Amino acid sequence: SVAEYFDIITLSETHLHQGVPNALFKIEGFHEIIRKDRHQQDGGGGVALYIKNSIPFKRLFQFETQDLEALWVQINTLGGQIIICSCYRAPDNNTFWSDMSNALDDVKQYQLQNLFILGDLNGDPNKYNGRKLNEFCKYQNLECLDKEPTRITDTSATILDQLLTNSACYVKKV
């Protein structure tokens, strides 16, 4: 079972919409899928999370906005509070970095301890949005842990999927 290997699973570009029931995506050993579908019905985008049944969590709706494809959850552990954000930045989304900075400013007022932002940020370090990603990380005091290509084709290798955190010591493997 997947639950033997993973505690939390994040998904980007789910392409789900209101007409698709959660029951179709049940994974044994996990809470019901937590999802935020794209508000336009164009068939793209969307994010989701799975959290193991044994892990209590709280969804943080107060940090979600219509314009940002991001969902937030809080998990309380013996080691402290963890905030997880599953997000997606569409390649043509030019407001993502400022929208995410605004969201993080709100999150930080929530007595932030350990933050993990995961998703397809379409921010390869060798391109414009990769430089924007690096600026965002520097401004928000986050470390980008992905150093190897996450999308490989016959003609290219790019780092599109990212894990950003202020608590890299908790990450064993990317």
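Look up: the structure comes first, before these words.
Worth saying up front: this structure is predicted, and the values here are computed from it rather than measured.

Participant: Break down the overall build of the protein for me, with residues and values.
Facilitator: When you go through the protein residue by residue, the secondary structure sums to two helices and eleven strands. Overall, the protein shows an N-to-C arrangement of helices and strands of β-β-β-β-β-β-α-β-α-β-β-β-β. Against the compact-globule benchmark of 16 Å for 174 residues, the protein has a radius of gyration of 16 Å, which places it among compact chains. Over its C-alpha atoms, taken along the principal directions, the protein stretches across nearly 40 × 35 × 30 Å. For the protein, the share of sequence-separated contacts (at least 6 apart) that also reach a separation of at least 24 residues comes to 60%. Of the roughly 9,900 Å² of accessible surface on the protein, a fraction of 50% belongs to carbon and sulfur atoms. In the protein, 17 side chains carry a positive charge and 22 a negative one; their mean positions are 3 Å apart.

Participant: Could you give an account of helix α1 (residues 96–108), naming the residues involved and the relevant values?
Facilitator: Helix length check: α1, at 13 residues, gives a terminal C-alpha distance of 18 Å against a target of 18 Å (1.5 Å per residue), a fit within 8%. Here α1 has its buried residues at F96, W97, M100, S101, A103, L104 and V107. Seen along its axis, α1 keeps its buried residues to an arc of 165°; they face one direction. Those residues of α1 hidden inside the fold are in contact with β5 (70–77), β6 (80–88), β7 (114–120) and α2 (128–140).

Participant: Got a sec to walk through the packing of α1 against α2? Specific residues and values, please.
Facilitator: At a minimum axis distance of 11 Å, the contact between α1 and α2 shows a crossing angle of 20°. In terms of orientation, α1 lies roughly parallel with respect to α2. Note on packing geometry: the crossing formed by α1 with α2 is right-handed. Of the residues in α2, those touching α1 at W97, M100, S101, L104, D105 and K108 are N129, K132, L133, F136, Y139 and Q140. Partitioning the contact of α1 with α2 into residue classes produces six nonpolar, three polar and three charged.

Participant: Now, about the environment of K52: what can you tell me, with residues and values included?
Facilitator: Looking at where K52 falls in the secondary structure, it is placed in the loop between β3 (47–51) and β4 (58–59). Residue K52 is classed as buried on the basis of its relative accessible area of 17%. Each C-alpha atom of the pair K52 and F30 lies 4.1 Å from the other, and the pair is 22 residues apart in sequence. Here K52 is in contact with A3, F6, D7, G29, F30 and H31, once residues within four sequence places are set aside.

Participant: Describe in detail the nonpolar core, supporting the description with residues and values.
Facilitator: By size, the foremost hydrophobic cluster in this structure holds 23 residues, and its most contacted members are W72, M100, I117 and L164. At the level of secondary structure, the elements contributing two or more residues to this core comprise β5, β6, α1, β7 and α2. Dropping the residues within four chain positions of it, I117 is found in contact with C85, C87, M100, L104, L142, Q162, L163 and L164. Within the second largest apolar cluster, 15 residues are counted, among which are I51, V73, Y88 and L145.

Quick notes on the rules
Residues numbered from 1 in each chain as written. Predicted model: local features only at pLDDT ≥ 70, side-chain atom pairs only at ≥ 80, totals over all residues. Heavy atoms only, no water. Helix = DSSP H or I, 4+ residues; strand = E, 2+ residues; numbered from the N terminus. Rg over C-alpha atoms; globule rule 2.2 N^0.38 Å. Contact = heavy atoms within 4.5 Å. Areas by Shrake-Rupley, 256 points an atom, 1.4 Å probe, with all protein chains shown as cover. Lys, Arg positive; Asp, Glu negative; His and termini not counted. Charge placed at Lys NZ, Arg CZ, Asp CG, Glu CD. Expected span 1.5 Å × (residues − 1). Buried < 20%, exposed > 50% of the residue type's maximum accessible area, 1.4 Å probe, protein only. Arc of directions from axis to C-beta. Axes fitted to C-alpha atoms, helices over the stretch in contact; angles between N-to-C directions. Parallel < 35°, antiparallel > 145°, perpendicular 65-115°, else oblique. Left-handed = near helix turned anticlockwise from the far one by under 90°. Nonpolar A, V, L, I, M, F, W, Y, C, P; charged D, E, K, R; others polar. Core = buried A, V, L, I, M, F, W, Y, C linked by side-chain atoms within 4.5 Å.

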